[in-house]
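# Structural features, examined
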Amino acid sequence: MVLDRAKTNHVIAGWSAHAVCWIMVATIVVALGACVTRPGPEVLQPARAKWGERSVTIFVATLRTPEPGSGTAFSSGQSQTLRFARYVISIPPTHQADMIEWPSDPPDPMTDFVTVHATRLSEAEFRSGIAGTKGDGRPIRLFVHGYNNSFQETVYRLAQIAADAHDNRVAVLFAWPSQGKPLSYSADRAAAAASTDGLARTIEILAEEPNARVVLLAHSMGGWLTMETLAKMSRERRRAVIERFSNVVLAAPDIDVVDMVRQLEIIGRLPRPLTLLVSSDDSALTLSRIITGGRRVGADDVHDPWVQAAARRYGARVIDISELTTTDSFKHARFTAMVALYSKFQAQIENPLARRYAGPGAFVFRAATSTLEPVDR
């Protein structure tokens with residue numbers, strides 16, 4: 001009887017602790033997001049406005065269901081069918097790096113990002129569109145977004161990345177069905193888990209040509225989805241497709257450290273070092289750790305000997321980007337500030353023959369010089 005009562009009290013205490021954690025998370029998220037107005041699907045409706053001085057084209061592969069009443073947007077609904085689309089976003093001449101100048105009403109192409117063309121595509125049209133833009137040898141950037149993102153937010157985020165990068169890569173978005181709600185973490189995790197086949201299929205389409213050069217950039221929970229997909233492809237003997245990547249970058253990866261080791265053991269070393277962009281002051285990953293109870297890879301300390309040893313063992317490049325300033329109150333999307341600076345340290349990442357090439361190991365990104373500095377120097 002006493003043991004039963006003690007066991008019951010222990011269970012109740014566990015439930016209470018879990019409830020307190022969720023209350024803390026809800027309070028913090030609501031407080032930080034209380035004054036934020038998020039864009040609706042109408043921003044993807046092509047505007048009857050003059051184009052800005054330049055534009056970017058975004059190709060999309062998605063497992064989201066079509067947005068009801070819209071011929072151009074997609075919702076948070078989960079689909080088993082991989083759908084495709086193309087958007088052209090006009091970039092204003094006043095654009096500032098690391099910013100998305102959301103459309104006003106009516107949108108002004110001189111000051112706002114503006115959707116000027118949008119169309120859904122068949123798989124054949126998607127393939128031909130990608131093939132057409134690759135005809136001049138352009139490499140591809142495949143972006144996999146993170147948790148708490150609406151479809152329109154992911155399209156405009158990739159438009160900002162493409163505009164700031166100035167590297168002429170073909171921009172492709174894989175949009176999995178995030179609920180786009182701060183308190184839907186568990187639902188988003190389930191949606192990401194159900195999206196591995198869709199991402200694998202997208203990767204296969206992009207890597208079909210023998211000379212394909214694909215850079216995969218995944219953010220937050222999208223990093224977990226990416227690693228699960230690569231592990232799945234490795235188990236299914238589809239390793240040849242993975243070998244086509246010229247770089248895989250996980251920005252602020254929302255991945256449990258134990259999960260990451262499991263995934264890396266299956267995948268093995270990639271042709272080029274796996275790049276991890278981390279920062280210990282990432283508030284979103286702190287909340288994720290509270291929810292899941294596990295240490296997050298994106299908050300790793302590059303000065304930790306275990307992190308350094310793991311980086312060398314698995315062929316990873318772990319970069320602390322905490323010096324970068326960001327307008328993001330959670331400090332979770334800090335990687336976007338790095339995009340505009342990429343040309344300054346590109347050789348350190350992509351050229352193994354460069355004098356200061358950053359191979360597997362731990363590094364700090366020095367914002368003042370836009371260089372990667374080894375922590376063991």
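This write-up is about the structure you can find in this document.

## Quick word on helix 3 (residues 151-165)
Spanning 15 residues, helix 3 covers 21 Å between terminal C-alpha atoms, matching the ideal 21 Å at 1.5 Å per step. With 14 of 15 residues buried, helix 3 is to be regarded as a mostly interior element. Trailing helix 3 by a residue or two, His166 shows a phi angle of about 55 degrees, which is positive.

## Some remarks on the pattern of salt bridges
Per the counting criterion, the structure on display carries 25 salt bridges. Measuring nitrogen to oxygen at the nearest pair gives 2.9 Å for the salt bridge that ties Asp281 to Arg334. A residue pair is termed long-range when its members are at least 10 positions apart, and Asp281 in the loop between strand 8 (274-278) and helix 9 (283-292) and Arg334 in the loop between strand 9 (316-320) and helix 11 (336-339) qualify at 53 residues. Its relative accessible area of 30% is what places Asp281 among the partly exposed residues. With its nearest N and O atoms 3.2 Å apart, the salt bridge here joins Arg295 to Asp300. Given a relative accessible area of 39%, Arg295 falls into the partly exposed group. Taken together, the salt bridges that share partners define one network made up of Glu123, Arg127, Asp197, Arg201, Glu204, Glu208, Lys232, Glu236 and Arg238.

## A short note on the sheet that holds strand 7 (residues 245-251)
Taken in spatial order, the eleven strands of this open sheet run 3-2-1-5-4-6-7-8-9-10-11, and their pairing is mixed. In this open sheet, the two edge strands, each paired with only one partner strand, are strand 3 (114-121) and strand 11 (371-374). Going from strand to strand, the sheet's axes swing by 25 degrees on average, the running direction of each strand aside. Where strand 1 (residues 54-66) lies against strand 2 (residues 74-91), eleven bridges are found, and the strand directions are antiparallel. What sits directly across from Val56, in strand 2, is Ile89.

## Notes on the nonpolar core
When a protein is soluble and globular, its nonpolar side chains tend to lie buried together. Counting residues in each nonpolar core, the largest one holds 61 residues, and the members touching the most others are Phe126, Phe174 and Leu274. For this core, the leading source of residues is helix 6 (residues 221-235), giving seven residues. Residues contacting Leu274, with those up to four places away along its chain left out, are Met227, Val248, Leu250, Met260, Leu264, Gly315, Ala316 and Arg317. Residues Val60, Ala85, Ile100 and Phe363 belong to the second largest nonpolar core, which totals 46 residues.

## Considerations on the pairing of strand 4 (residues 140-144)
In terms of burial, strand 4 is a largely internal element, five of the five residues being buried. What you see with strand 4 is no split at all: Ile140, Leu142 and Val144 on one side and Arg141 and Phe143 on the other are buried throughout. Taken together, the five bridges between strand 4 and strand 5 (residues 170-175) define a ladder with parallel strand orientation. Bridge pairing in strand 5 places Leu142 opposite Val172.

Quick notes on the rules
Counting restarts for each chain, with residues numbered from 1 along the sequence as it is written. Local features in a predicted model are, by the rule used here, given only for residues with pLDDT of at least 70; side-chain atom pairs are given and counted only at 80 or more, and totals for whole chains, interfaces and linings are based on all residues. Heavy atoms throughout the structure, all of them, feed into the side-chain values; hydrogens and water do not. Each helix corresponds to a stretch of at least 4 residues labelled H or I by DSSP, and each strand to a stretch of at least 2 residues labelled E; elements are numbered beginning at the N terminus. Multiplying 1.5 Å by the residue count of a helix minus one yields the expected span of that helix. Between buried and exposed lies partly exposed: a residue is buried under 20% and exposed over 50% of the maximum accessible area for its type, with that area taken using a 1.4 Å probe on protein chains only. When a carboxyl oxygen of Asp or Glu lies within 4 Å of a side-chain nitrogen of Lys or Arg, that pair is called a salt bridge. Any two strands are treated as partners once DSSP identifies two or more bridges connecting them. An axis is simply a line fitted to the C-alpha atoms; with a helix, the fit covers only the stretch in contact. Between two such axes, the angle follows the N-to-C directions and lies from 0 to 180 degrees. Only buried residues count toward a nonpolar core, which is a set of Ala, Val, Leu, Ile, Met, Phe, Trp, Tyr and Cys residues joined through side-chain atoms within 4.5 Å. Any two residues whose heavy atoms approach within 4.5 Å at even a single point are treated as in contact.

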